[in-house]
Amino acid sequence: MSAARDYRAPAAPAAAPAAPLPGRPCSAAAALHVVGEKWALLAVREIFFGNHRFEAIARNTGAPRDRLAARLRSLEQAGVVERRPYNERPPRHEYHLTRSGRDLAPVLRALLDWGDRWVLEERPVVMVHEPAVAEGRGDADARHAHDLDAAWVCRTCGEEIAMNTLSVDVRAPGWDRAGPLPDA
């Protein structure tokens, strides 16, 4: 594997799982341990959509209130969301995504794309790209806004990724692509 430049921002200290996860050591498994429960990702979706208050998040996810409260607490402990006070009496907070939470945007987009293609006949939510806003120009031209048709692109070489161009390099000690090594 080449020594490609890492374009990602430095990782914030992550809260390690209390105990090692069963099965193959894998960043996907560790990520799912944090955000892999339905109500957790739907809460992140709602906050990403701009709904910051518990009532709106509960209404728009359909989550049972006790379960949603537990998921928001675990997302806060994992550094995915942060609570900000908006009322002193009675004390009320709203939820905002941290940098870690905002980095879940491509995950949400991928789930929306997959659901549009394989689950639903009509697209109930569409991500819209507004380049003028992203470039910091205040004169966003609505005619330039368009449905997002994102591609997975390699930052090192600039090529669009096709699945047949990927390979797996297992680096976890005692494991290979097939699973745990016999002497591990």
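Preceding this section is the structure that the text describes.
Residues numbered from 1 in each chain as written. Predicted model: local features only at pLDDT ≥ 70, side-chain atom pairs only at ≥ 80, totals over all residues. Heavy atoms only, no water.

Topic: the overall build of the chain
Within the chain, the secondary structure is distributed over seven helices and six strands. Secondary structure elements of the chain, listed N to C terminal, follow the sequence α-α-α-α-β-β-α-α-β-α-β-β-β. Partitioning the contacts of the chain with sequence separation of at least 6, the portion at a separation of at least 24 is 39%. Split by element, the accessible area of the chain, about 14,000 Å² in all, is 53% carbon and sulfur. (Helix = DSSP H or I, 4+ residues; strand = E, 2+ residues; numbered from the N terminus. Contact = heavy atoms within 4.5 Å. Areas by Shrake-Rupley, 256 points an atom, 1.4 Å probe, with all protein chains shown as cover.)

Some words on the packing of helix 3 (residues 54-61) against helix 4 (residues 65-77)
At a minimum axis separation of 10 Å, helix 3 and helix 4 run at an interaxial angle of 115 degrees. The crossing of helix 3 and helix 4 is right-handed. Within the contact between the two elements, helix 3 uses F54, E55, I57, A58 and T61 and helix 4 uses R65, L68, A69 and L72. Class assignment for the residues of the contact of helix 3 with helix 4 results in six nonpolar, one polar and two charged. (Axes fitted to C-alpha atoms, helices over the stretch in contact; angles between N-to-C directions. Left-handed = near helix turned anticlockwise from the far one by under 90°. Nonpolar A, V, L, I, M, F, W, Y, C, P; charged D, E, K, R; others polar.)

Structural notes on the pairing of strand 1 (residues 81-87)
Bridge count between strand 1 and strand 2 (residues 92-97): six bridges; the pairing is antiparallel. Bridging from a neighbouring strand, R83 pairs with Y95 of strand 2. (Pairing = 2+ DSSP bridges.)

Re the pattern of salt bridges
Under the counting rule described, the total for this entry stands at 10 salt bridges. Between E55 and R65 there is a salt bridge, with the nearest N and O atoms lying 2.8 Å from each other. Residue E55 is located in helix 3, and its partner R65 is located in helix 4; the two are separated by 10 residues in the primary sequence. A residue is classified by how much of its surface remains accessible, and E55, at 49% relative accessible area, is partly exposed. One salt bridge connects D116 with R123, and the closest N-O pair in it is separated by 3.4 Å. With a relative accessible area of 19%, D116 lands in the buried category. (Salt bridge = Lys/Arg side-chain N within 4 Å of Asp/Glu carboxyl O. Buried < 20%, exposed > 50% of the residue type's maximum accessible area, 1.4 Å probe, protein only.)

Points about a nonpolar patch on the surface
Together, W114, W118, V119 and L120 give the surface a local cluster of nonpolar side chains, amounting to about 490 Å² of exposed area. Structurally, W118 can be placed in helix 6 (residues 105-118). Exposure remark for W118: the relative accessible area of 57% places this residue in the exposed category. (Patch = residues over 30% accessible without salt bridge, like charges linked within 9 Å, V, L, I, M, F, W, Y side chains within 5 Å.)

A short note on helix 4
Here helix 4 is 13 residues long and its end C-alpha atoms lie 18 Å apart, about the 18 Å a rise of 1.5 Å per residue gives. Among the residues of helix 4, L68, L72 and L75 are the ones counted as buried. Along the long axis of helix 4, the arc covered by the buried residues comes to 60 degrees, so they all point the same way. Turned more than 90 degrees from where helix 4 packs its buried face, D66 and Q77 sit exposed. Lining the buried residues of helix 4 we find helix 1 (27-35), helix 2 (38-48), helix 3, strand 1 and strand 2. Two residues or fewer past helix 4, G79 is found with a positive phi of approximately 80 degrees. (Expected span 1.5 Å × (residues − 1). Arc of directions from axis to C-beta.)

As for the nonpolar core
L68 and L75 are the most contacted members of the largest nonpolar core, which totals 21 residues. When contributions to this core are tallied by element, the ones reaching two or more residues are helix 2, helix 3, helix 4 and strand 2. The contact partners of L68, leaving out residues within four places of it in the chain, are A43, F54, I57, A58, T61 and A63. (Core = buried A, V, L, I, M, F, W, Y, C linked by side-chain atoms within 4.5 Å.)

Structural notes on the side chain of T61
Mapped onto the elements, T61 comes out in helix 3. Of the polar contacts made by the side chain of T61, one reaches the backbone oxygen of I57; its length is 2.8 Å. Reaching out from T61, the side chain makes a polar contact with the backbone nitrogen of A63 at a distance of 3.1 Å. With sequence-adjacent residues up to four places away left out, T61 is seen in contact with W39, L42, A43, R45, E46 and L68. (Polar contact = N/O pair within 3.5 Å; in protein donor to acceptor, adjacent residues only side chain to side chain.)

Observations concerning the state of the cysteines
The final tally for this structure, using the stated rule, is zero disulfides. Unpaired in this structure, C154 has its nearest cysteine sulfur neighbour in C157, at a distance of 3.8 Å. Its relative accessible area of 24% is what places C154 among the partly exposed residues. (Disulfide = S-S within 2.5 Å.)

Keep in mind these values describe shape, not function.
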